[in-house]
Amino acid sequence: MGIYLNPSIRSFSMAYNSEIYVDKTGLISYTNSVLCTSQRFLSVSRPRRFGKSYAADMLCAYYGQTESRDIFGKCRISKYDNWDKYLGKFDVIRLVMTKFFKSNVTASDALSKMQKLVCKEICSANPDVEYEDKENLIQVIEDVYSATDKQFVIIIDEWDAIFRERKDDKEGQILYLDFLRDWLKDNDYIALAYMTGILPIKKYGKHSALNMFDEYSMITPMQLAEYTGFTESEVQELCKKYDMSFDEVSDWYDGYLISNSVPIEKRKLYRSGEYTEYRFPIYNPLSVVKAMRTGVIDDYWSKTESYEALADLIAMNYDGLKDDIAIMMDGGSVKVNISSYQNDMTSFNNKDDVLTLLIHLGYLCYDNVEKTVFIPNKEIIEEFNTSTKGDNWIGTFKSFQISNELISAIWSLNEEKTAELIELAHDRAGNKTYNDEAALSYGIQYALYAAQKYYTTIQELDSGKGYADLVYLPSPRYPDKPALLMELKYNKDVQTAADQVRARNYPQVLEHYAGNLLVVSINYDKDANGESYKKHSCKIEKL
């Protein structure tokens, strides 16, 4: 029994004996199912406070120590057939990478120190093995496996420490990834490799060092979905035991909507849209535990991590990121493309990359059906409230207020107010947004950016006789909102726009919104006289 090789069950035992222990040993049934198969490589990423280290301690205790039988025999795993088949059957190597990778330590030195310490314990536990190089971890394990035929279970916690501690050390990061590949990939001495971290596996274009790993993240937790955090039923039981309001706890700590894998027997129903049980909410474990123990519903997130990281990311303001944050803080959601994110803390090319990182950090929740992100609960709203204070946010929230007022004016068919607010939004956006009809379309979309909360925007919808400039279709969450068909004219007149809508029968393509469709005709006259040379007129009709 050592620090790195077959560590004691003490860490898991302390969790088990805690005042609040939520049994997640069912995870072992899944790792047992992939043990010694091609799927034996698991990379599990989730935010801080979501039980990553607990799971790592649990797997170490199960696979490496037979003395853990008394505990596991009382846990959920004992209900499974042959639950103890692999109990204590392997040599377990347990690494916490934050112990080695520091901001002031090179990747080479960190890897060298780690190998020396682990090799020392392995060699001490296997004194009869003839070693070729006692400080080379890969060689030492190969020598032990060759002599004893005993496989290893590798548990790596905080695997992504180098990407957080040495963000700009690209060479060191590649060195580390290549080491993990050479150590783990295609080697029979590995019975199971389980890595945890905040970030998914780093991408380097075609450089795919760890492509043997299946990734289980906040975006795609797959078979490990119910082990990502506390489930609704688990929180309900805790609320009952500790006399807490489930509704209040849910408002504060729920909201992480995740998707499990779809069982084979349910896949036909899934394809027909009749099976939705694979999607369910997950709660923040640490915050729930603190609320239960104290009896106080509060923001426990900020007590464990400062908000500077969030504020710095938002301040980048890629592609109008601040506007999207304002929408989400108002309860809305925004579209996101998660495909370009490089899974690190520095490679941001657009706002989608920042939003994707915020999903992995736990600040946002991803809806994999709608392909949108939103703020999950009141606890995280508090973090955003704290992170968006300051003079640099005044303009953003003022623009958002104007945008919301504009939507309300359209809904109430207030043509004068609508034109006035578009004018005001134009003044804030600048002259460059209005120099032709296409630019006018961009300017109107900018003015209506708060509508993303309620609508899906379609540009140039084909009616069969022409193209409607802008169409806003209500989202499934707001079916009562009217559809908006917007026709725009530049330097003409608003009646021309309204006449074109009727002449080309644009509303026909939206006939299923009949009775709840607003046709909004807008003209911009660049040569208008008056106090301002920017002049809009508006006509709104309900069809």
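Quick summary incoming for the structure in this document. (Residues numbered from 1 in each chain as written. Predicted model: local features only at pLDDT ≥ 70, side-chain atom pairs only at ≥ 80, totals over all residues. Heavy atoms only, no water.)

1. Examining the state of the cysteines
- Scanning the model with the defined rule gives zero disulfides in all.
- Of the cysteine sulfurs around C36, a residue in no disulfide, the closest is that of C60, at 16 Å.
- A relative accessible area of 41% places C36 in the partly exposed class. (Disulfide = S-S within 2.5 Å. Buried < 20%, exposed > 50% of the residue type's maximum accessible area, 1.4 Å probe, protein only.)

2. A closer look at the sheet that holds strand 10 (residues 365-367)
- What the three strands build is an open sheet, ordered 9-11-10; its pairing is antiparallel. Unpaired on one side and paired on the other, strand 9 (334-335) and strand 10 mark the two borders of the sheet.
- As paired strands, strand 9 and strand 11 (residues 372-374) are joined by two bridges and run antiparallel to one another. Note on strand 11: the bridge partner recorded for K335 is T372. (Pairing = 2+ DSSP bridges. Helix = DSSP H or I, 4+ residues; strand = E, 2+ residues; numbered from the N terminus.)

3. A few points about the pairing of strand 14 (residues 483-490)
- Of all eight residues in strand 14, eight are buried, a share of seventy percent or more.
- Where strand 14 lies against strand 15 (residues 517-524), eight bridges are found, and the strand directions are parallel. Counted as the bridge partner of L485 is V519 from strand 15.
- For the handedness criterion, the β-α-β arrangement of strand 14, helix 20 (residues 494-503) and strand 15 is classed as right-handed. (Right-handed = clockwise from strand over helix to strand, strands pointing away.)

4. Examining the packing of aromatic side chains
- Evaluation of the coordinates by the stated rule reveals 30 aromatic pairs.
- Here the aromatic rings of Y62 and F72 are separated by 5.5 Å at their centres, their planes lie at 90°, and the arrangement is edge-to-face. Remark: F72 occurs in helix 4 (residues 69-72) and Y62 occurs in helix 3 (residues 52-64); sequence separation between them is 10 residues. Here Y62 and F72 have matching classes, each one buried. (Phe/Tyr/Trp six-rings, centres within 6.5 Å; stacked < 30°, edge-to-face > 60°.)

5. Describing a negative patch on the surface
- Together, E132, D133, E135 and E142 line one region of the surface with negative charge.
- With respect to the helices, strands and loops of the structure, E132 is situated in the loop between helix 5 (107-125) and helix 6 (137-148).
- Judged by relative accessible area, E132 falls into the exposed class, the value being 66%. (Patch = residues over 30% accessible without salt bridge, like charges linked within 9 Å, V, L, I, M, F, W, Y side chains within 5 Å. Areas by Shrake-Rupley, 256 points an atom, 1.4 Å probe, with all protein chains shown as cover. Salt bridge = Lys/Arg side-chain N within 4 Å of Asp/Glu carboxyl O. Lys, Arg positive; Asp, Glu negative; His and termini not counted. Charge placed at Lys NZ, Arg CZ, Asp CG, Glu CD.)

6. Description of the nonpolar core
- Formed by 116 residues in total, the largest nonpolar core has its most connected members in I93, F101, W159, W183, L210, F384 and M486.
- In terms of residue count, the dominant contributor to this core is helix 5 (eight residues).
- The contact partners of F384, leaving out residues within four places of it in the chain, are L310, I314, I325, M329, Y363, L364 and I375.
- Listed in part, the 34 residues of the second largest apolar core include Y30, L42, F90 and V92. (Core = buried A, V, L, I, M, F, W, Y, C linked by side-chain atoms within 4.5 Å. Contact = heavy atoms within 4.5 Å.)

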